Amino acid sequence: VWLPLLINLVVYSLGFWLAGHYFGAAMDWLLPGWLDWLRWLLWPIFAVALVAIGFFTFTVVANLIGSPFYGALSAKVSSLDGAAPPPPTSIGSVRDALAALALEMNRLGYLGLRALPILVMFPIPGINLVAAVLWMVFGAWSMALEYLSYPLDGVGLKFAAQKEFLRGRRGEVLVFGALVMAGLTLPLFNILVPPAAVAGATLYCRARKLALTAG
């Protein structure tokens, strides 16, 4: 739980510090002395923009950083819930980390391609009302697919099989995804949501006996 959180905080802290440093350097270079008063206007705008960027990118970055760890977290939660513990050599290897990153990129590509048609609908008057509803439903499905994939990966279900598996339980998984999505909108609290969602997804799978063998 803590290692991906710490890595994420270090990455964002370093990114914000570098952005602030180079933004200040750019203003020193671009603004003549008689326009120094503009700094008081530009710094708040820059800070708001930086917070907005952090808010909208946090989930994607957190999942990319956490993906090599979340499979191990899911296995640990399963073992605490009574499942057989995973082999110690299966957690933390470079090969497993690269495989987890590849799966995460595959999920992001799948979701990104399906998000585009909805985004295109937003500028169209009238249709944008439907787009807002579709976007919320799509967001809930995305969160469900993201976090429920870790316990299902752990029992050998491939991505295509996971989608079919979850479609048969669409109502329940959409509620789960909507709760995760709501938690991710809360500043600071959202830092704890990804690992909690992995643990919750694992317990859900075990409670619903979804942790079946592949096939």
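Just so we're clear, the structure is a prediction, and the values are computed from it rather than from any experiment.

Rules used throughout
- Residues numbered from 1 in each chain as written.
- Predicted model: local features only at pLDDT ≥ 70, side-chain atom pairs only at ≥ 80, totals over all residues.
- Heavy atoms only, no water.
- Helix = DSSP H or I, 4+ residues; strand = E, 2+ residues; numbered from the N terminus.
- Buried < 20%, exposed > 50% of the residue type's maximum accessible area, 1.4 Å probe, protein only.
- Areas by Shrake-Rupley, 256 points an atom, 1.4 Å probe, with all protein chains shown as cover.
- pLDDT = per-residue confidence, 0-100.
- Contact = heavy atoms within 4.5 Å.
- 1 Å grid on protein atoms, 1.4 Å probe; cavity = no way out; pocket = protein on both sides within 12 Å on 5 of 7 lines; lining within 4 Å.
- Points joined across faces, edges and corners; volume = space filled by probe spheres on them.
- Nonpolar A, V, L, I, M, F, W, Y, C, P; charged D, E, K, R; others polar.
- Core = buried A, V, L, I, M, F, W, Y, C linked by side-chain atoms within 4.5 Å.
- Phe/Tyr/Trp six-rings, centres within 6.5 Å; stacked < 30°, edge-to-face > 60°.
- Patch = residues over 30% accessible without salt bridge, like charges linked within 9 Å, V, L, I, M, F, W, Y side chains within 5 Å.
- Salt bridge = Lys/Arg side-chain N within 4 Å of Asp/Glu carboxyl O.
- Axes fitted to C-alpha atoms, helices over the stretch in contact; angles between N-to-C directions.
- Parallel < 35°, antiparallel > 145°, perpendicular 65-115°, else oblique.
- Left-handed = near helix turned anticlockwise from the far one by under 90°.

Novice: Quick rundown of the overall build of the protein chain? Include the residues and the values.
Specialist: If you tally the helices and strands in the protein chain, you get seven helices and zero strands. Here the protein chain holds 215 residues, and 34% of them are scored as buried. By element, 77% of the accessible surface of the protein chain is carried by carbon and sulfur atoms, the whole surface being about 12,600 Å².

Novice: Go over the confidence of the model for the protein chain, please, and point to the residues and values.
Specialist: Low-pLDDT portions of the prediction should not be read for the details of their coordinates. In this model, the protein chain carries an average pLDDT of 79, and 87% of its residues clear a pLDDT of 70 or more. Here residues 211-215 is modelled with pLDDT under 50, and outside its nearest four sequence neighbours on either side it reaches 10 contacts, counting other chains as well.

Novice: So what's going on with empty space enclosed by the protein? Residues and values would help.
Specialist: The tally for this structure, following the rule as stated, stands at one cavity of 30 Å³ or more. If you go around the largest cavity, the residues you meet are Pro4, Leu5, Asn8, Phe58, Ala62, Tyr70 and Ile191. Broken down by secondary-structure element, the contributors of at least two residues to the lining of the largest cavity are α1 (2-30) and α2 (39-80). Of the residues contributing to the lining of the largest cavity, the split by class is six nonpolar, one polar and no charged.

Novice: With reference to specific residues and values, describe the nonpolar core.
Specialist: Core analysis: the biggest nonpolar cluster contains 31 residues, and Leu145, Tyr147, Leu148, Leu166, Val173, Phe176 and Val180 have the highest contact counts within it. Every element with two or more residues in this core is listed here: α2, α3 (94-121), α4 (127-154), α5 (159-167), α6 (170-184) and α7 (193-207). Top contributing element to this core by residue count: α4, with 10 residues. Discounting chain neighbours no more than four positions away, the residues touching Val173 are Ala140, Trp141, Ala144, Leu148, Leu166 and Tyr204. Counting five residues, the second-largest nonpolar core is a separate cluster that includes Tyr12, Phe58, Ala62 and Ile191.

Novice: Which residues make up the packing of aromatic side chains, and what values do they have?
Specialist: Taken as a whole, this structure holds three aromatic pairs when the rule is applied. Centroid distance Tyr12 to Phe16: 5.8 Å. Interplanar angle 75°. Geometry classified as edge-to-face. With Tyr12 and Phe16 both in helix α1 and four residues apart, this pair spans about one turn of that helix. The class of Phe16 is partly exposed, set by a relative accessible area of 36%. Taking the centre distance of 5.5 Å and the plane angle of 85° together, the rings of Tyr70 and Tyr150 count as edge-to-face. Taken together, the residues Tyr70 in helix α2 and Tyr150 in helix α4 connect sequence positions 80 residues apart.

Novice: Can you explain a nonpolar patch on the surface? Please cite residues and give values.
Specialist: A cluster of nonpolar side chains, Val1, Trp2, Leu6, Leu9 and Leu192, forms an exposed patch at the surface whose accessible area comes to about 520 Å². Locating Leu9 in the fold gives a position in helix α1.

Novice: Outline the environment of Val11, supporting the account with residue identities and numerical values.
Specialist: Assignment of secondary structure puts Val11 in helix α1. Residues Val11 and Val61, 50 residues apart in the sequence, show an inter-C-alpha distance of 9.3 Å.

Novice: So what's going on with the pattern of salt bridges? Residues and values would help.
Specialist: Within the structure shown, the criterion is met by one salt bridge. One salt bridge connects Arg167 with Glu164, and the closest N-O pair in it is separated by 2.7 Å. With Arg167 and Glu164 both in helix α5 and three residues apart, this pair spans about one turn of that helix.

Novice: Account for the packing of α4 against α7, with residues named and values stated.
Specialist: In contact at an axis separation of 8 Å, α4 and α7 are set at 55° when each is read in the N-to-C sense. Considered as vectors, α4 and α7 are oriented oblique to each other. The crossing of α4 and α7 is right-handed. Facing Tyr147, Leu148, Tyr150, Pro151 and Leu152 of α4, the residues of α7 in contact are Pro194, Ala197, Val198, Ala201, Thr202, Tyr204 and Cys205. Considered class by class, the residues forming the contact of α4 with α7 number 11 nonpolar, one polar and no charged.

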